[in-house]
Amino acid sequence: MKVLKQFPLIILIAIFSISCRTSTNKEYPINNSEKDIDQNPNSKKKRMEIKFSCGNDGISEYLDDGWKILKEDSQEKICTWKSVPATKDCNMEKDKGCKITKPDKIGEEKIYLLEK
């Protein structure tokens, strides 16, 4: 009776041990990565994406450091927000429910893809 209760446990352990053994016995070829680096001099290049928004532009620091612009993109972005009353007789100090937040200043966000 005890053997009958332990039979599913024995099968489960056997399945796990067989699956682990087959996955560890696989031989994978080892690539010599040093040869690949010597053959491909472009593999040492680094890429980075940076964003500047609302009039802040620090791209010259990166260009002076040796980075080159691969791609430049720009899109509209809200820089600041302002709160306005929803109606004429709304008191924003006393009644917080009548306050509406609207965009105040809209600027431009520039996205650069750089490579060194």
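Along every chain, residues carry numbers that run from 1 in the direction the sequence is written. At least 70 in pLDDT is required for a residue's local features to be given in this predicted model, at least 80 for side-chain atom pairs to be given and counted, and no such filter applies to totals for whole chains, interfaces and linings, which use all residues. Side-chain metrics rest on all non-hydrogen atoms present in the structure, leaving aside hydrogens and water.

### A few points about the nonpolar core
Residue types Ala, Val, Leu, Ile, Met, Phe, Trp, Tyr and Cys, when buried and joined through side-chain atoms within 4.5 Å, form a set referred to as a nonpolar core. For every residue, the accessible area obtained with a 1.4 Å probe (protein chains only) is divided by the maximum for its type, and the residue is called buried under 20%, exposed over 50%, and partly exposed between those limits. One finds I50, F52, I59, W67, Y112 and L114 forming the largest nonpolar core, which totals six residues. Helical segments are the DSSP runs of H or I of at least four residues, strand segments are the runs of E of at least two, and each set is numbered from the N terminus. Those elements giving two or more residues to this core turn out to be β1 (47-53) and β3 (99-115).

### Here we look at the confidence of the model for the protein
The predictor reports its confidence for every residue as pLDDT, a score running from 0 up to 100. Looking at the protein as a whole, its pLDDT mean stands at 77, while 73% of the residues score no less than 70. In the predicted structure, residues 28-38 sits below a pLDDT of 50 and forms two contacts with residues beyond four places in sequence or in another chain. Note on contacts: a residue pair is in contact if any heavy atoms of the two residues lie within 4.5 Å.

### Quick notes on the packing of aromatic side chains
For this analysis, a ring pair means two rings from Phe, Tyr or Trp (six-membered ring only for Trp) whose centres lie within 6.5 Å, classed as stacked if their planes differ by under 30 degrees, edge-to-face if by over 60, and tilted for the remaining angles. Evaluation of the coordinates by the stated rule reveals two aromatic pairs. With a centroid separation of 6.5 Å and an interplanar angle of 55°, the aromatic rings of F52 and Y62 are classed as tilted. Here Y62 lies in helix α3 (residues 59-64) and F52 lies in strand β1, a separation of ten residues in the sequence. Look at F52 and Y112: their rings are 6.1 Å apart centre to centre, the planes differ by 65°, and that puts the pair in the edge-to-face class.

### Re the sheet that holds β3
Overall, antiparallel pairing links the three strands, which are arranged β1-β3-β2 in an open sheet. Two strands in the sheet have a free side with no partner beyond their single neighbour: β1 and β2 (68-85). When the angles between neighbouring strand axes are averaged without regard to direction, this sheet yields 20°. Looking at chain direction, β1 and β3 are connected through seven bridges and run antiparallel. Directly across from E49, in β3, lies its bridge partner L113. Between any two strands, at least two bridges found by DSSP are needed for them to pair. Axes here refer to lines fitted to C-alpha atoms; in helices the fit is confined to the stretch in contact. Angles between the N-to-C directions go from 0 to 180 degrees.

### What to know about a nonpolar patch on the surface
Among the surface-exposed residues, F7, I11 and I15 lie close enough to one another that they form a single nonpolar patch of about 290 Å² accessible area. Structurally, the position occupied by I11 is in helix α1 (residues 2-24). Overall, I11 belongs to the partly exposed group, its relative accessible area being 38%. Patch building starts from residues that exceed 30% relative accessible area and form no salt bridge, then joins like charges within 9 Å and nonpolar side chains (Val, Leu, Ile, Met, Phe, Trp, Tyr) within 5 Å. Here the open area of atoms and residues is found with the Shrake-Rupley method and a 1.4 Å probe, where only the protein chains shown may cover a residue. By definition here, a salt bridge exists when the distance from a side-chain nitrogen of Lys or Arg to a carboxyl oxygen of Asp or Glu is within 4 Å.

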